[in-house]
Amino acid sequence: KLEREMTRHPDVISNYLELAELHVQAGSLDQAAEVLEKGLQASGGGDLTVREKLEDVQLEHGLRQLAIAEQRAADEGTDQAATLAKRIKSEVNQRELEIYHARCERNPGNAPLRFEFGVRLKKAGKFKEAIQAFQTARNDPKRRANTLLELGECFHHSKRYELAMTNYVAAIEAAADRDADTEKLARYRAGVLAMGLKEWEEAKTHLTTLADLDYGYRDVAERLDKIAQM
């Protein structure tokens with residue numbers, strides 16, 4: 001029915017979106033992408049709803065292909081399978097980066113988009129650019145703790161240790177009593193960083209508090225034993 005309607009009224013964009021969604025629900029991502037590409041052409045390329053739906057479908061397709069490749073690499077254990085999985089992962093990451101960059105350009109004041117763009121930049125090892133994206137996004141109250149944690153990790157990777165610690169501590173404060181998982185990871189990161197800097201008392205404070213929250217968290221017990229020996 002929808003296909004007949006699209007033939008009779010090719011300029012009615014909602015039909016393309018509806019049919020594409022049916023294909024997505026059926027798991028037919030290739031067909032969904034094909035319908036959306038037709039819808040984009042019918043709109044003259046300017047319909048952002050169709051464009052972003054097409055981007056979402058392309059990303060989902062890439063992630064599915066990556067999951068298949070990684071499972072195959074795990075099952076086969078061959079260099080060829082591992083190389084293929086690595087190549088697909090790189091391609092998916094690059095496509096995500098391009099899509100979120102374009103979306104941020106279209107919506108410069110959208111903090112959640114800036115956060116997602118920062119995540120992709122960080123994944124690509126572009127820490128300086130990721131820091132800028134996260135700093136733009138950190139005023140979003142819904143993601144503040146996560147954004148500060150991501151900032152801390154980016155500064156940590158960049159060997160800006162004082163800035164890393166500042167953001168880890170801020171993430172702890174923002175997450176306290178609201179987001180247990182983020183709080184625990186931020187305390188762990190702060191404790192590990194303090195150990196690396198041989199700031200034993202600071203490390204002990206962060207890791208002891210973490211152990212009080214979750215004694216089985218990662219290797220916190222072993223780290224506390226090491227601090228005690230020091």
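Described below are features of the structure shown in this document.

Remarks on the overall build of the protein chain
Then comes step 1: Counting its regular elements, the protein chain contains twelve helices and zero strands.
Then comes step 2: Secondary structure elements of the protein chain occur, N-terminal to C-terminal, as α-α-α-α-α-α-α-α-α-α-α-α.
Then comes step 3: Scaling as 2.2 N^0.38, a compact globule of 230 residues should have a C-alpha radius of gyration of about 17 Å, whereas the protein chain reaches 23 Å, well beyond that.
Then comes step 4: Counting only C-alpha atoms, the protein chain reaches 75 × 45 × 30 Å along its principal axes.
Then comes step 5: Going through the 230 residues of the protein chain one by one, you find that 40% of them count as buried.
Then comes step 6: Considering only contacts within the protein chain whose residues lie at least 6 apart along the sequence, 44% involve residues at least 24 apart.
Then comes step 7: Charge-centre separation for the protein chain: the mean point of 35 positive side chains lies 3 Å from the mean point of 40 negative side chains.

Considering the pattern of salt bridges
When charged atoms on two side chains of opposite charge get close, those side chains can pair.
Then comes step 1: What the rule picks out here adds up to 19 salt bridges.
Then comes step 2: With a shortest N-O distance of 3.3 Å, Arg-120 and Glu-96 are connected by a salt bridge. Of this pair, Arg-120 sits in helix α6 (residues 111-123) while Glu-96 sits in helix α5 (residues 79-106), and the two are 24 residues apart along the sequence.
Then comes step 3: In this structure Glu-96 comes out as buried when scored by relative accessible area, which is 5%.

Brief notes about the packing of aromatic side chains
Then comes step 1: Applying the stated criterion to the full structure yields two aromatic pairs.
Then comes step 2: The cationic tip of Arg-103 hangs over the ring face of Tyr-100; the distance from NZ or CZ to the ring centre is 5.6 Å.
Then comes step 3: Geometry around Tyr-188 places Arg-218 over its ring, the cationic atom sitting 5.2 Å from the centre.

As for the side chain of Lys-184
Then comes step 1: Its place among the elements puts Lys-184 in helix α10 (residues 180-196).
Then comes step 2: Overall, the relative accessible area of 16% leaves Lys-184 in the buried class.
Then comes step 3: Each residue touching Lys-184, except ones within four places of it in the same chain, is listed here: Leu-210, Leu-213, Asp-214 and Tyr-217.

What about the packing of helix α3 (residues 29-42) against helix α4 (residues 48-76)?
Then comes step 1: Following both chains from N to C, one finds α3 and α4 inclined at 155°, their axes separated by 9 Å at the closest point. Between α3 and α4, the crossing angle belongs to the class labelled roughly antiparallel. In this structure, α3 crosses over α4, and the sense of that crossing is left-handed. Between α3, through Leu-29, Asp-30, Ala-32, Ala-33, Leu-36, Glu-37, Gly-39 and Leu-40, and α4, the contact on the second element is made entirely by Val-50, Arg-51, Lys-53, Leu-54, Val-57, Gln-58, Glu-60, His-61 and Arg-64.

Observations concerning the environment of Arg-138
Then comes step 1: Within the fold, Arg-138 resides in the loop between α7 (127-137) and α8 (144-157).
Then comes step 2: Judged by relative accessible area, Arg-138 falls into the partly exposed class, the value being 29%.
Then comes step 3: Here the alpha-carbon distance between Arg-138 and Pro-112, two residues 26 residues apart in the chain, equals 9.3 Å.
Then comes step 4: The contacts of Arg-138, once residues within four sequence positions are left out, are Arg-144, Thr-147 and Leu-151.

Here we look at α10
Then comes step 1: Between its terminal C-alpha atoms α10 stretches 24 Å, which fits the 24 Å expected from 17 residues at 1.5 Å a residue.
Then comes step 2: Summarising burial for α10: twelve of the 17 residues are buried, a large majority.
Then comes step 3: For α10, the set of buried residues is Thr-182, Glu-183, Lys-184, Leu-185, Ala-186, Arg-187, Tyr-188, Ala-190, Gly-191, Leu-193, Ala-194 and Met-195.
Then comes step 4: Where the residues of α10 are buried, they touch α8, α9 (161-175), α11 (200-213) and α12 (220-229).

So, α3
Every α-helical turn comprises 3.6 residues, leaving residues that sit three or four positions apart pointing alike.
Then comes step 1: Between its first and last C-alpha atoms α3 spans 20 Å; for 14 residues at 1.5 Å apiece the expected length is 20 Å, and the two agree.
Then comes step 2: Buried residues along α3 sit against α1 (2-8), α2 (13-25) and α4.
Then comes step 3: The first or second residue beyond α3 is Gly-44, which carries a positive phi of 80°.

Concerning unusual backbone geometry
Then comes step 1: Residues other than glycine seldom take positive phi values, yet Lys-159 does so here, at roughly 65°.
Then comes step 2: Position of Lys-159 relative to the elements: it lies in the loop between α8 and α9.
Then comes step 3: By relative accessible area, Lys-159 is classed as exposed at 62%.
Then comes step 4: Phi at Lys-198 takes a positive value of approximately 60°, unusual for a residue other than glycine.
Then comes step 5: Assignment of secondary structure puts Lys-198 in the loop between α10 and α11.
Then comes step 6: Accessibility expressed as a relative area gives 58% for Lys-198, which makes it exposed.

Quick notes on the environment of Ala-73
Then comes step 1: Assignment of secondary structure puts Ala-73 in helix α4.
Then comes step 2: When the C-alpha atoms of Ala-73 and Lys-86 are compared, they prove to be 9.6 Å apart, with 13 residues separating the residues in sequence.
Then comes step 3: Those residues in contact with Ala-73 that lie beyond four places of it in its chain are Thr-78, Ala-81, Ala-82 and Ala-85.

Calculation criteria
- Residues numbered from 1 in each chain as written.
- Predicted model: local features only at pLDDT ≥ 70, side-chain atom pairs only at ≥ 80, totals over all residues.
- Heavy atoms only, no water.
- Helix = DSSP H or I, 4+ residues; strand = E, 2+ residues; numbered from the N terminus.
- Rg over C-alpha atoms; globule rule 2.2 N^0.38 Å.
- Buried < 20%, exposed > 50% of the residue type's maximum accessible area, 1.4 Å probe, protein only.
- Contact = heavy atoms within 4.5 Å.
- Lys, Arg positive; Asp, Glu negative; His and termini not counted.
- Charge placed at Lys NZ, Arg CZ, Asp CG, Glu CD.
- Salt bridge = Lys/Arg side-chain N within 4 Å of Asp/Glu carboxyl O.
- Phe/Tyr/Trp six-rings, centres within 6.5 Å; stacked < 30°, edge-to-face > 60°.
- Lys NZ or Arg CZ within 6 Å of the ring centre and 35° of its normal.
- Axes fitted to C-alpha atoms, helices over the stretch in contact; angles between N-to-C directions.
- Parallel < 35°, antiparallel > 145°, perpendicular 65-115°, else oblique.
- Left-handed = near helix turned anticlockwise from the far one by under 90°.
- Expected span 1.5 Å × (residues − 1).

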